[in-house]
Amino acid sequence: MTADSPSPSRVRPAEVALLVSVFVVAACGLLYELAAGALASYLLGDSILQFSTVIGAYLFAMGIGSYLSRYFERQLIAQFLRIELLVGFIGGLMPAALFALQTASPSSFRFALYSLVLLVGTLVGLEIPLVMRILKRHFRERYALKDLVSQVLTFDYLGALAVAVAFPLLLVPSLGLVRTGALFGLMNAGVAVWALWLFRGELRGLWGHVVSCVLVIAALAAAMVGADHISTWAEDRFYADRILYSETSRYQRVVVTSSKAGVRLFLNGNLQFHSRDEYRYHEALVHPAMAGHGAPKRVLVLGGGDGMVVREVLKYPSVERVTLVELDPHMTTLFSEQPLLRSLNGDALRSPKVHVVNHDAFAWLEQN
């Protein structure tokens, strides 16, 4: 055994707790970053710009937090506990707060967005250095510096990977942005409660920490329970017309509104069509190509899950089969089952001539 390698000893519960906390901290931190980027894309459009600027600002803020961590010298566990509660409270309620602010004061939305991103990023940047110092201080007999850095960063990156996969595939489609944010805020608060229990003998003002934990958990639980009401309230004010349908699919936010003027479809907050004039686009898209061919029998439509293009294609008696390749099954299901939307596309997606394939168009073309 080398001089810089501490002798092995039995793993302690507090040590395991701190390493698991690193995993949770990393997962929550990335979740708040992804939620801010998704919400900005949804409300402001231009997803490339929004994600690039949100991620850049967040990483910059994490660097600031890491730098500031050097000034935390006393009561590291109490400081870590407070930071966890702040991250959980601010990050967990950030989607709900931004939704509400966009409807109340759209002009202030960008300022609030980047202010919250910078604040949460700074707090997250403080977390990992503090955990490393707590581990080093309390378990110095187990860790050389190289082992400490390796152990902590391994759990950190694993947590980030878990959320990066779960966010688009599971969390947002199942829970929505508001409830997902609140859930991960509760996870941050859970880390704080865990630290409070494990190190209760070292903390000053124990009951003050207990009360803080209870208040934060209560606020996040309320947001979790009221997530649907918050989303509905915000969207009712974001969209001028009555909302017929709103759902977050695996790929996008789908909202259909209705008024005396007609029906509108929005994807990620961007208008896709208005029933009053959509025919101008779809007729111009389909009929020149169909007329130029003469009498096509088999037609391939890429995208167009609303069925409007298929409606125009089916007007030609020569057509025997239409293959519609649409990435999002929510779209084809909605426009083949919802009565009002079926009337818009003339029940095109229910035609026996139509074969719907829910797949990425480019990938499908390569395979077929």
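All values reported here derive from a predicted model rather than from experimental measurement. (Residues numbered from 1 in each chain as written. Predicted model: local features only at pLDDT ≥ 70, side-chain atom pairs only at ≥ 80, totals over all residues. Heavy atoms only, no water.)

**Description of the overall build of the chain**
For the chain, the helix and strand inventory stands at twelve helices and seven strands. Computed over the C-alpha atoms, the radius of gyration of the chain is 26 Å, more than 25% above the 21 Å expected from 2.2 N^0.38 for a compact globule of 368 residues. Each of the three principal axes of the chain carries a C-alpha extent, and together these read 85 × 50 × 30 Å. Relative to its 368 residues, the chain shows a buried fraction of 47%. Only carbon and sulfur atoms are counted for the fraction: they give 62% of the accessible area of the chain, which is about 18100 Å². Across the chain, the centroid of the 31 positively charged side chains sits 5 Å from that of the 28 negatively charged ones. (Helix = DSSP H or I, 4+ residues; strand = E, 2+ residues; numbered from the N terminus. Rg over C-alpha atoms; globule rule 2.2 N^0.38 Å. Buried < 20%, exposed > 50% of the residue type's maximum accessible area, 1.4 Å probe, protein only. Areas by Shrake-Rupley, 256 points an atom, 1.4 Å probe, with all protein chains shown as cover. Lys, Arg positive; Asp, Glu negative; His and termini not counted. Charge placed at Lys NZ, Arg CZ, Asp CG, Glu CD.)

**Here's the deal with the environment of L153**
Of note, L153 is situated in helix α5 (residues 145-198). Look at L153 and you get partly exposed, because its relative accessible area is 27%.

**As for the environment of L324**
Tracing the backbone shows L324 in strand β6 (residues 321-325). In the structure, L324 is positioned 145 residues away from R179 in sequence and 34 Å away in space, judged by C-alpha atoms.

**Quick word on the sheet that holds β6**
Read across the sheet, three strands follow the order β5-β6-β7 without closing on themselves; strand pairing throughout is parallel. A strand with exactly one partner marks an edge of an open sheet, and here the two such strands are β5 (298-302) and β7 (354-357). Averaged over all pairs of adjacent strands, the angle between strand axes in this sheet comes to 15°, irrespective of strand direction. (Pairing = 2+ DSSP bridges. Axes fitted to C-alpha atoms, helices over the stretch in contact; angles between N-to-C directions.)

**A look at the packing of aromatic side chains**
Within this structure, the stated rule accounts for two aromatic pairs. Taken together, a centroid distance of 6.1 Å and an interplanar angle of 75° make the contact between Y67 and Y71 edge-to-face. When the ring of F273 is compared with that of F335, the centres are 6.2 Å apart and the planes differ by 65°; the resulting orientation is edge-to-face. Of this pair, F273 sits in strand β4 (residues 270-274) while F335 sits in helix α10 (residues 329-337), and the two are 62 residues apart along the sequence. By relative accessible area, which is 5% here, F273 ends up buried. The exposure class assigned to F335 is buried, which follows from its relative accessible area of 1%. (Phe/Tyr/Trp six-rings, centres within 6.5 Å; stacked < 30°, edge-to-face > 60°.)

**A look at the pairing of β6**
Taking burial as the measure, the five residues of β6 include four buried ones, the bulk of the element. One ladder, built from five bridges, connects β5 with β6; its direction is parallel. Across the sheet, the residue bridging to V301 is L324, located in β6. Taking the sense of rotation as the criterion, the β-α-β connection linking β5, helix α9 (residues 308-313) and β6 turns out right-handed. Pairing of β6 with β7, which is carried by four bridges, proceeds in the parallel orientation. Opposite V325, over in β7, you have V357 as the bridge partner. (Right-handed = clockwise from strand over helix to strand, strands pointing away.)

**Considering helix α6 (residues 206-225)**
Counted at 1.5 Å a residue, the expected span for α6 with its 20 residues is 28 Å, and the 29 Å between its end C-alpha atoms agrees. Every buried residue of α6 is listed here: H209, C213, V216, L220 and A223. In a view along the axis of α6, the buried residues occupy a sector of 95°, so they form one face of it. Of the exposed residues in α6, the ones pointing more than 90 degrees away from its buried face are W207, V214, L215 and V225. (Expected span 1.5 Å × (residues − 1). Arc of directions from axis to C-beta.)

**Side note on the sheet that holds β4**
Paired through their backbone hydrogen bonds, the strands of a sheet run either parallel or antiparallel. Spatially, four strands are ordered β1-β2-β3-β4 in an open sheet, and the strand pairing comes out antiparallel. Each having just a single partner strand, β1 (242-248) and β4 make up the two edges of the open sheet. Taken over all neighbouring pairs, the strand axes of this sheet differ in orientation by 20° on average, direction set aside. Sheet topology places strand β2 (residues 253-259) next to strand β3 (residues 262-267); six bridges connect them, and they run antiparallel. Within the sheet, the bridge partner assigned to V255 lies in β3 and is F266.

**Considerations on the nonpolar core**
Within the largest apolar cluster, 73 residues are counted, with the highest numbers of intra-cluster contacts made by Y32, L98, L113 and F184. Elements with a contribution of two residues or more to this core: α1 (13-44), α2 (47-68), α3 (76-104), α4 (109-138), α5 and α6. Ranked by residue count, the leading element in this core is α1, at 16 residues. For L113, the residues in contact, after removing those within four places along its chain, are A36, A40, V54 and L98. (Core = buried A, V, L, I, M, F, W, Y, C linked by side-chain atoms within 4.5 Å. Contact = heavy atoms within 4.5 Å.)

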